[in-house]
Amino acid sequence: MKKFELPQLTYGYQYFEPFVDAVTMEIHHTRHHAGYINKLNELVEENKVLQKYKTASKILRKFSKLPPGVQDGVRKFAGGHWNHLFFWTILSAADQEPAKHGPTIYKAILENFGSFENFKEQFTSAGMSLFGSGWVWLVALDYSLDLEIITTPNQDSPLMDIYPNIYRPIIGLDLWEHSYYLRHQNRRDQYISHFWRFIDWMQADLNFLSLTGYRISMGKRAFNDLLDKSAKMHVDEFIREEKKRLARKLKEKYSTDIDESWLNP
Ligand code: MN3
């Protein structure tokens, strides 16, 4: 059985004109993404050290600790797999409005970039100045909740632990020519300009709001390792505290009120 599998998309290939045409979407998903997955499966099969990891994201977060011999493959294939997994989730043909469908991330964007137009401009110019193939991302910094625009070359992923900050990707755009060449040829600017109408702002909001998810799961594991009878209580307490902390921070920074039902499940 293959360890990593191509995800089913929740939408058809044909809904993304004039951003991406249906043929490109299909080839991108069933050949390019599938290609990274095949290579990743081969890499894992050949390298025992990778076999304990359940997800590509876990491999990428440990990148710098991996033996140098597997790093190149991990970069290309775990990165290629995870980046595409993420990319498919951030697309929507539903013509969402950022302020309405992603209210918290929208506020955070205004706060961090001055205006939405400014954000779009900076994202576009970062994407345009990336030489060769790669990605442009909107990421949040792990503890401060500040936003940054970054680019990664080739299939390098913002999840890799080689950056000065721990990045939580909010939005990402594939800048490889395979993702736009049929419709836009060399006009990368044209491709980027059509991206805005096809962003899933609900997903972007969720990505931003669930920032503490990672720490919550790490905390759970740490407490489970204690094998203490009272561990369960600690876990619940920890999650409650983490949620409160995030709610406070969102309120402070972005005047967002968090639903009580989320704080007290
Ligand atoms: Mn691609």
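Cut-offs applied
Residues numbered from 1 in each chain as written. Predicted model: local features only at pLDDT ≥ 70, side-chain atom pairs only at ≥ 80, totals over all residues. Heavy atoms only, no water. Salt bridge = Lys/Arg side-chain N within 4 Å of Asp/Glu carboxyl O. Helix = DSSP H or I, 4+ residues; strand = E, 2+ residues; numbered from the N terminus. Buried < 20%, exposed > 50% of the residue type's maximum accessible area, 1.4 Å probe, protein only. Donors = N, O, S within 2.8 Å, 3.2 Å for Na, K, Ca; no water. Polar contact = N/O pair within 3.5 Å; in protein donor to acceptor, adjacent residues only side chain to side chain. Expected span 1.5 Å × (residues − 1). Bend = angle between axes of the 7 residues up to and from the residue. Pairing = 2+ DSSP bridges. Contact = heavy atoms within 4.5 Å. Axes fitted to C-alpha atoms, helices over the stretch in contact; angles between N-to-C directions. Parallel < 35°, antiparallel > 145°, perpendicular 65-115°, else oblique. Nonpolar A, V, L, I, M, F, W, Y, C, P; charged D, E, K, R; others polar. pLDDT = per-residue confidence, 0-100.

Details of the pattern of salt bridges
And then number 1: Tallied over the entire structure, the rule returns seven salt bridges.
And then number 2: Close ionic contact of D156 with R75 constitutes a salt bridge, the shortest N to O distance being 2.9 Å. Residue D156 is found in the loop between β2 (147-153) and β3 (167-174), and its partner R75 is found in helix α3 (residues 68-89); the two are separated by 81 residues along the sequence.
And then number 3: Accessibility expressed as a relative area gives 8% for D156, which makes it buried.

Structural notes on the coordination of the manganese ion
And then number 1: For the manganese ion, the full set of protein donor atoms is H28 (NE2), H84 (NE2), D174 (OD) and H178 (NE2), at a range of 2.0 to 2.1 Å.
And then number 2: Every donor residue of the manganese ion comes from the same chain, spaced as H-x55-H-x89-D-x3-H.
And then number 3: In this structure D174 comes out as buried when scored by relative accessible area, which is 0%.
And then number 4: Under the relative-accessibility criterion, H178 is labelled buried at 18%.

Section: the side chain of N41
And then number 1: Within the element layout of this structure, N41 appears in helix α1 (residues 22-46).
And then number 2: Reaching out from N41, the side chain makes a polar contact with the backbone nitrogen of K3 at a distance of 3.3 Å.

Structural notes on α3
And then number 1: Over its 22 residues, α3 runs 31 Å from end to end, which matches the ideal 32 Å to within 8%, given 1.5 Å per residue.
And then number 2: Along α3, the largest kink reaches about 45° and is centred on V74.

Description of the pairing of strand β1 (residues 134-141)
And then number 1: Along β1, eight of the eight residues are buried, which leaves the element largely enclosed by surrounding structure.
And then number 2: Of the two faces of β1, both are covered, the one formed by G134, V136, L138 and A140 as well as the one formed by W135, W137, V139 and L141.
And then number 3: Both β1 and β2 contribute to a ladder of seven bridges, which runs antiparallel. Among the inter-strand pairings, A140 is bridged to a residue of β2, identified as L147.
And then number 4: Hairpin remark: β1 followed by β2, antiparallel, with five residues in the connecting loop; positive phi at L145, about 65°.
And then number 5: By the bridge criterion, seven bridges tie β1 to β3 in an arrangement that is antiparallel. Paired with A140 across the bridge in β3 is R168.

Side note on the environment of N207
And then number 1: The residue N207 is located in helix α9 (residues 201-209) in this model.
And then number 2: Given the relative accessible area of 13%, N207 is considered buried.
And then number 3: Sequence-distant contacts of N207, defined by excluding residues within four places in its chain, comprise F86, I90, P169 and I170.
And then number 4: A distance of 3.1 Å separates the side chain of N207 from the backbone oxygen of I170, its partner in a polar contact.

With respect to the packing of helix α5 (residues 103-113) against α9
And then number 1: Put simply, α5 and α9 touch, their axes get as near as 7 Å, and they point 75° apart. Overall, the two elements α5 and α9 adopt an arrangement that is roughly perpendicular. Contacts between α5 and α9 involve P103, T104, I105, A108 and I109 from the first element and W201, A204, D205, F208 and L209 from the second.
And then number 2: For the contact of α5 with α9, the class distribution of residues is eight nonpolar, one polar and one charged.

What about the confidence of the model for the protein?
And then number 1: Per-residue confidence for the protein gives a mean pLDDT of 87; residues scoring 70 or more make up 85%.
And then number 2: Per-residue pLDDT stays below 50 along residues 212-231; that stretch engages in 20 contacts with residues further than four places along the chain or on separate chains.

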